[in-house]
Amino acid sequence: MNADIKNALKDALILLVITLFAGLALGAVHEITSEPIKQQKQAAVVKSCNAVFPDEEGFAHVSDFMDAEEGIKDQLGALSFDNGISIGNIYYALDDGGNRIGYAIEVTSAEGYGGDIKVMCGVTTDGTLRGVSILEISETAGLGMKADSVLVPQLHNINTDHITFTKTGSTSESEIDAISGATITTTAFVNMVNAALDVSGIINAEGGAS
């Protein structure tokens, strides 16, 4: 075996050892960090649920809203949105007696000005929008990013099955004031809230998921 072949085999062996150790190291890091990451995500969910149902005792997680009772599964499966809206996890909001009083619903809009916007919407079993909490947003600073200070405070304790927005001053409970100069962001929020109201309406009509 000539020197060139020996050197090539040596280099290949060294590379194999490095790759093996790198893989083991990455696996160890994953094992160490996966649980803290999971806990952080759960804490973020609890925080967002508490933001939209601040007075309730706790939440029962529906890991996938499509795993609900067959009637609700069929209804939600047939529900579609043509405005970039998608529904994520749904959580039951419970009072201190363990009674279900509403739902915390994750909704994402793909039609934000700066990309996806994700919110948590709290809707009671009687259809009242208790509140909205922003989970993800990357809109324009000074415009769409004002959603938390302009839109969220208006989306609180509204009893309606559909909301709209105006640029000239709201005149009804189901109408909110748009962010000045950020119609796209406002439209995305209105669509997300209306989607959450639609979902909660379906769940309530079917008697609530198990």
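Everything here concerns the structure above.
Quick summary incoming for the structure in this document. Worth saying up front: this structure is predicted, and the values here are computed from it rather than measured.

1. Things to note about the side chain of Asn-83
Thinking step 1. Its location among the elements puts Asn-83 in the loop between α2 (70-78) and β2 (85-94).
Thinking step 2. Its relative accessible area of 18% is what places Asn-83 among the buried residues.

2. Topic: the pattern of salt bridges
Thinking step 1. Inspection of every chain in the model, using the stated rule, returns one salt bridge.
Thinking step 2. Taking the shortest distance from any N to any O, the salt bridge between Lys-118 and Glu-136 comes out at 3.9 Å. With Lys-118 in strand β4 (residues 115-124) and Glu-136 in strand β5 (residues 128-136), this residue pair connects regions lying 18 residues apart in the sequence.
Thinking step 3. Here Glu-136 falls in the partly exposed class, since its relative accessible area comes to 42%.

3. Describing the packing of aromatic side chains
Thinking step 1. Within this structure, the stated rule accounts for one aromatic pair.
Thinking step 2. When the centroid spacing of 6.0 Å and the interplanar angle of 65° are considered together, the rings of Tyr-92 and Tyr-103 count as edge-to-face. Pair noted here: Tyr-92 is in strand β2 and Tyr-103 is in strand β3 (residues 100-112), with a separation of eleven residues, a long-range link. Across this residue pair, the class does not change: Tyr-92 and Tyr-103 are buried.
Thinking step 3. Positioned above the aromatic ring of Tyr-92, the side-chain terminus of Arg-100 is 3.9 Å from the ring centre.

Reading guide: rules and limits
Residues numbered from 1 in each chain as written. Predicted model: local features only at pLDDT ≥ 70, side-chain atom pairs only at ≥ 80, totals over all residues. Heavy atoms only, no water. Helix = DSSP H or I, 4+ residues; strand = E, 2+ residues; numbered from the N terminus. Buried < 20%, exposed > 50% of the residue type's maximum accessible area, 1.4 Å probe, protein only. Salt bridge = Lys/Arg side-chain N within 4 Å of Asp/Glu carboxyl O. Phe/Tyr/Trp six-rings, centres within 6.5 Å; stacked < 30°, edge-to-face > 60°. Lys NZ or Arg CZ within 6 Å of the ring centre and 35° of its normal.

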